Amino acid sequence: MNQPLKLSLEQEFSLRIFADQVQQMSREQAVEFLLNLYEQMMIQETTYLELLKHEWKLDSGSISG
């Protein structure tokens with residue numbers, strides 16, 4: 001059975017710092033931050049898909065998520 005991926009010690013530390021920073025945000029700041037973060041995640045996904053299409057030579061086809 002596969003074990004779930006785990007964060008490295010450095011990633012866990014970074015997550016803790018991030019959590020502390022988020023706790024200091026106002027609700028409005030947190031909402032704006034989440035919207036920006038979600039946008040960046042979508043851009044990252046699109047970039048990965050484009051890279052995969054190029055690598056797999058599927059440039060003429062379409063991959064949608």
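Located above this text is the structure these notes cover.
Everything numeric in this text was worked out from a predicted model, so none of it was measured.

Reading the values: the criteria
Residues numbered from 1 in each chain as written. Predicted model: local features only at pLDDT ≥ 70, side-chain atom pairs only at ≥ 80, totals over all residues. Heavy atoms only, no water. Salt bridge = Lys/Arg side-chain N within 4 Å of Asp/Glu carboxyl O. Helix = DSSP H or I, 4+ residues; strand = E, 2+ residues; numbered from the N terminus. Buried < 20%, exposed > 50% of the residue type's maximum accessible area, 1.4 Å probe, protein only. Expected span 1.5 Å × (residues − 1). Patch = residues over 30% accessible without salt bridge, like charges linked within 9 Å, V, L, I, M, F, W, Y side chains within 5 Å. Areas by Shrake-Rupley, 256 points an atom, 1.4 Å probe, with all protein chains shown as cover. Phe/Tyr/Trp six-rings, centres within 6.5 Å; stacked < 30°, edge-to-face > 60°.

Caption draft 1: Highlighting the pattern of salt bridges. A complete count under the given rule lists 2 salt bridges for this structure. Its salt-bridge partner being Arg16, residue Asp20 comes within 3.4 Å of it at the nearest N-O pair. On the criterion of helical spacing, the pair formed by Asp20 and Arg16 is a turn pair, its members being 4 residues apart in helix α1 (residues 9-23). By relative accessible area, Arg16 is classed as exposed at 55%. With its nearest N and O atoms 3.4 Å apart, the salt bridge here joins Glu50 to Lys53. Taken together, the residues span about one helical turn, with Glu50 and Lys53 both in helix α2 (residues 27-55) at a distance of 3 residues. The class of Lys53 is buried, set by a relative accessible area of 11%.

Caption draft 2: Unusual backbone geometry, seen in detail. One non-glycine residue, Lys57, lies in the positive phi region at around 55°. Mapped onto the elements of the fold, Lys57 is located in the segment after α2. Taking relative accessible area as the criterion, Lys57 reaches 69% and is therefore assigned exposed.

Caption draft 3: Quick look at α2. Taking 1.5 Å per residue, 29 residues should reach 42 Å; α2 reaches 42 Å between its end C-alpha atoms and fits that length. Lys57, located one to two residues past α2, shows a positive phi value of around 55°.

Caption draft 4: Up close: a nonpolar patch on the surface. Where nonpolar side chains cluster on the molecular surface, the patch consists of Leu7, Leu15, Phe18, Phe33, Leu34, Leu37, Tyr38, Met41 and Met42 and spans about 840 Å² of accessible area. Looking at the nonpolar patch, the elements with two or more residues in it are α1 and α2. Looking at the nonpolar patch, the element that brings in the most residues is α2, giving 6 residues. Along the chain, Met42 turns up in helix α2.

Caption draft 5: Local environment of the packing of aromatic side chains. The tally for this structure, following the rule as stated, stands at 1 aromatic pair. With centroids separated by 5.5 Å and ring planes inclined at 45°, the aromatic side chains of Phe18 and Phe33 adopt a geometry described as tilted. Of this pair, Phe18 sits in helix α1 while Phe33 is found in helix α2, placing the two residues 15 residues apart along the sequence. Assessed through its relative accessible area of 30%, Phe33 is described here as partly exposed.

By themselves, these observations are geometric and do not establish any function.
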